[in-house]
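Here's the letter readout for the chains.
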Amino acid sequence: MTGAVADHVVARSAWLKSFPLNEVQRASEFIRTTWNEIASTKPDSFAPTLRENTITETLASYIQKTALAKGRLTGFWGYEEQSSDLAEITKKQLGAVNRIRKDLVYKSNAKKIRLQLTYEFKKIKATNGSCKTYRGKDGMRRFVDGHYAQKMPMAAMVGMVIGGRQEVIDMLRRSLLSPAGLSDLKMVVNSSQKFLDEPSALLPGVAEFDTEHVRPTEKAPPHGTIRLAHMFLQMPVAVEPSTD
């Protein structure tokens, strides 16, 4: 193991031991359970033709109403939470910059370390263009060189799958491991010298794999990287009405 890899693995281990991963797991499982429930009973709510924000608004509204009763989750769920940085516009004026609007955020003070987990939802299908969008400036790069989850050690990408799940995941895997993907996303190898942690160590049984990325110092946690868990939720398949 090289010194650079050893350093980031040790740093990763340190925060993993204290981070409330059990609550993260339960929150993420509840997202998946809620998605599957709505997709099976009200499939038109998650139709692939709908806008992403329309779909996530429906999901978030249901989660906010049922998280305590069904999920036994006492934290706060925020949908399209707005935030910005404060900067000096002129010598006499302060103003907001780097405005962002996050899809879904779960926050909790139940443990010693305050939990704040951002979930970014993106439609994805098995095409090069779709995978580039998933990993691009309005997708994964929001957590790399963008302003999402600043100073946080982890976050989650949620792929809303259009078409065959495994086909989509395989295509995305190739896209992430392409020279452009590795470079644009500042990806870091794990202790096994691999860029993808498969199966996911952050959200076992919920996420498919994890990736790790170097962030600019001013946006990164102390160890310098952010880890992303990649979840995939199946969008309902349109069923043509019977002509019988």
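Residues numbered from 1 in each chain as written. Predicted model: local features only at pLDDT ≥ 70, side-chain atom pairs only at ≥ 80, totals over all residues. Heavy atoms only, no water.

Please clarify how the environment of alanine 229 should be interpreted in this entry.
As for its placement among the helices and strands, alanine 229 is situated in strand S6 (residues 225-234). According to the relative accessible area criterion, alanine 229 is buried, its value standing at 0%. Counting along the chain gives 73 residues from alanine 229 to alanine 156, while the straight-line C-alpha distance between them is 4.7 Å. The contacts of alanine 229, once residues within four sequence positions are left out, are Ala155, Ala156, Met157, Leu202, Leu203, Ala207, Phe209 and Asp210. (Helix = DSSP H or I, 4+ residues; strand = E, 2+ residues; numbered from the N terminus. Buried < 20%, exposed > 50% of the residue type's maximum accessible area, 1.4 Å probe, protein only. Contact = heavy atoms within 4.5 Å.)

Could you clarify how one ought to interpret empty space enclosed by the protein in this entry?
One way to see where empty space is left: roll a probe the size of a water molecule over the atoms. Going through the model one piece at a time under the given rule, you end up with 1 cavity of 30 Å³ or more. Here the largest cavity is characterised by a volume of approximately 40 Å³. Forming the walls of the largest cavity are 11 residues, and the residues nearest its centre are Val188, Asn190, Phe195, Asp197 and Glu212. Here the lining of the largest cavity takes 3 residues from strand S5 (residues 207-214), the largest share from any one element. (1 Å grid on protein atoms, 1.4 Å probe; cavity = no way out; pocket = protein on both sides within 12 Å on 5 of 7 lines; lining within 4 Å. Points joined across faces, edges and corners; volume = space filled by probe spheres on them.)

I keep staring at the pairing of S5 and nothing clicks. Help me out?
In the case of a regular strand, side chains alternate between the two sheet surfaces. Burial of S5 is extensive: 6 of the 8 residues sit out of reach of the surface. Taken together, the 7 bridges between S5 and S6 define a ladder with antiparallel strand orientation. Each residue of the ladder has a partner; that of alanine 207, found in S6, is methionine 231. (Pairing = 2+ DSSP bridges.)

I'm lost on the side chain of lysine 219 in this one. Help?
Within the fold, lysine 219 resides in the loop between S5 and S6. The side chain of lysine 219 is buried and forms no salt bridge, while glutamate 218, the nearest opposite charge, is found at 5.0 Å. When sequence neighbours within four positions are dropped, the list of residues in contact with lysine 219 reads Asp145, Gly146, His147, Gln150 and Lys151. (Lys, Arg positive; Asp, Glu negative; His and termini not counted. Salt bridge = Lys/Arg side-chain N within 4 Å of Asp/Glu carboxyl O.)

So what exactly am I meant to see when it comes to the packing of aromatic side chains here?
Aromatic rings in a pair are described by how distant their centres are and how their planes are angled relative to each other. What the rule picks out here adds up to 5 aromatic pairs. Pairing tryptophan 35 with phenylalanine 46 gives two aromatic rings, centres 4.0 Å apart and planes at 15°, and the pair type is stacked. Taken together, the positions of tryptophan 35 in helix H2 (residues 21-41) and phenylalanine 46 in the loop between H2 and helix H3 (52-71) put the pair 11 residues apart, joining distant regions of the chain. You can call tryptophan 35 buried: its relative accessible area is 0%. Seen in terms of ring centroids, phenylalanine 143 and tyrosine 148 are 5.7 Å apart; in terms of plane orientation they differ by 85°. Their pairing is edge-to-face. In this structure, phenylalanine 143 and tyrosine 148 share a single accessibility class: buried. Three or more aromatic residues joined by ring pairs form one cluster here, namely Tyr134, Phe209 and Phe232. (Phe/Tyr/Trp six-rings, centres within 6.5 Å; stacked < 30°, edge-to-face > 60°.)

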